[in-house]
Amino acid sequence: MSLNKLQKEVDDWMGQYIEGYWKPHEILARLMEETGELAREVNHNFGPKKKREGTKENDMGDEMADIIWSVVCLANSQKIDLDKHWKNVMDKLYSRDDKRWVKK
């Protein structure tokens with residue numbers, strides 16, 4: 001899996017515009033907004049708060065993709081190589097948490 005491909009796709013799209021990436025705190029605000037939209041969907045689908053009749057149905061996958069878009073925008077704006085950092089996280093999980101839960 002390559003996050004670099006995803007980062008390049010986002011960068012190519014953003015590169016079309018003079019404005020470019022937003023400032024980091026603006027991207028973070030957007031990320032929080034998108035995370036809230038996912039939280040609302042999860043609560044409606046699995047929690048006690050059901051949607052009102054006639055309310056538009058949002059797709060949880062679309063909300064997750066919006067979150068990924070925002071994270072990639074933040075990474076790109078700061079020249080962060082997500083492939084490198086993803087490998088670090090997975091290495092940490094395999095070494096630190098390998099025996100933490102019961103395996104199948």
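Residues numbered from 1 in each chain as written. Predicted model: local features only at pLDDT ≥ 70, side-chain atom pairs only at ≥ 80, totals over all residues. Heavy atoms only, no water.

Draft legend 1. Main features of the overall build of the protein chain. Per the secondary structure count, the protein chain includes four helices and zero strands. Each helix and strand of the protein chain, ordered N terminal to C terminal, gives the series α-α-α-α. Here the C-alpha radius of gyration of the protein chain, 17 Å, is well above what a compact globule of 104 residues would show, namely 13 Å. The buried share among the 104 residues of the protein chain stands at 20%. A separation threshold of at least 6 residues defines the contact pool for the protein chain, and within that pool the share at least 24 residues apart is 68%. On the protein chain, roughly 8,400 Å² of surface is accessible, and the fraction owed to carbon and sulfur atoms is 59%. Across the protein chain, the centroid of the 19 positively charged side chains sits 7 Å from that of the 20 negatively charged ones. (Helix = DSSP H or I, 4+ residues; strand = E, 2+ residues; numbered from the N terminus. Rg over C-alpha atoms; globule rule 2.2 N^0.38 Å. Buried < 20%, exposed > 50% of the residue type's maximum accessible area, 1.4 Å probe, protein only. Contact = heavy atoms within 4.5 Å. Areas by Shrake-Rupley, 256 points an atom, 1.4 Å probe, with all protein chains shown as cover. Lys, Arg positive; Asp, Glu negative; His and termini not counted. Charge placed at Lys NZ, Arg CZ, Asp CG, Glu CD.)

Draft legend 2. Representation of helix α4 (residues 82-96) within the structure. Across its 15 residues, α4 extends 21 Å between first and last C-alpha, which sits within 8% of the 21 Å expected from 1.5 Å per residue. Sitting at the head of α4, Asp 81 places a side-chain oxygen 3.0 Å from the backbone nitrogen of Asp 83. (Expected span 1.5 Å × (residues − 1). Polar contact = N/O pair within 3.5 Å; in protein donor to acceptor, adjacent residues only side chain to side chain.)

Draft legend 3. Highlighting unusual backbone geometry. Here the phi dihedral of Lys 79 falls at roughly 60°; this positive angle occurs in a residue that is not glycine. Along the chain, Lys 79 falls in the loop between α3 (60-77) and α4. Residue Lys 79 is classed as exposed on the basis of its relative accessible area, which comes to 76%.

Draft legend 4. A look at the packing of aromatic side chains. Per the counting criterion, the structure on display carries two aromatic pairs. Centre to centre, the rings of Trp 13 and Trp 69 are 5.5 Å apart; their planes meet at 80°, and the pair counts as edge-to-face. You can see Trp 13 sitting in helix α1 (residues 3-14) and its partner Trp 69 sitting in helix α3, a full 56 residues away along the chain. Here the aromatic cluster, defined as three or more aromatic residues joined through ring pairs, consists of Trp 13, Tyr 17 and Trp 69. (Phe/Tyr/Trp six-rings, centres within 6.5 Å; stacked < 30°, edge-to-face > 60°.)

Draft legend 5. Structural view of the side chain of Ser 70. Relative to the helices and strands, Ser 70 is located in helix α3. Not counting chain neighbours up to four residues away, the residues in contact with Ser 70 comprise Ile 27, Arg 30, Leu 31 and Glu 34.

Draft legend 6. Representation of the environment of Thr 35 in the model. As for its position among the elements, Thr 35 is in helix α2 (residues 24-46). Given the relative accessible area of 33%, Thr 35 is considered partly exposed. Along the primary structure Thr 35 and Met 64 are separated by 29 residues, whereas in three dimensions their C-alpha atoms are 7.9 Å apart.

Draft legend 7. Here's a closer look at the packing of α1 against α3. For the pair α1 and α3, the least separation of the axes is 10 Å and the interaxial angle reads 80°. Put simply, α1 runs roughly perpendicular to α3. Counting all contacts with α1, which are made through Leu 6, Gln 7, Val 10, Asp 11, Trp 13 and Met 14, the residues of α3 involved are Ile 68, Trp 69, Val 72, Cys 73, Ala 75 and Asn 76. Taken together, the residues that form the contact of α1 with α3 break down as nine nonpolar, two polar and one charged. (Axes fitted to C-alpha atoms, helices over the stretch in contact; angles between N-to-C directions. Parallel < 35°, antiparallel > 145°, perpendicular 65-115°, else oblique. Nonpolar A, V, L, I, M, F, W, Y, C, P; charged D, E, K, R; others polar.)

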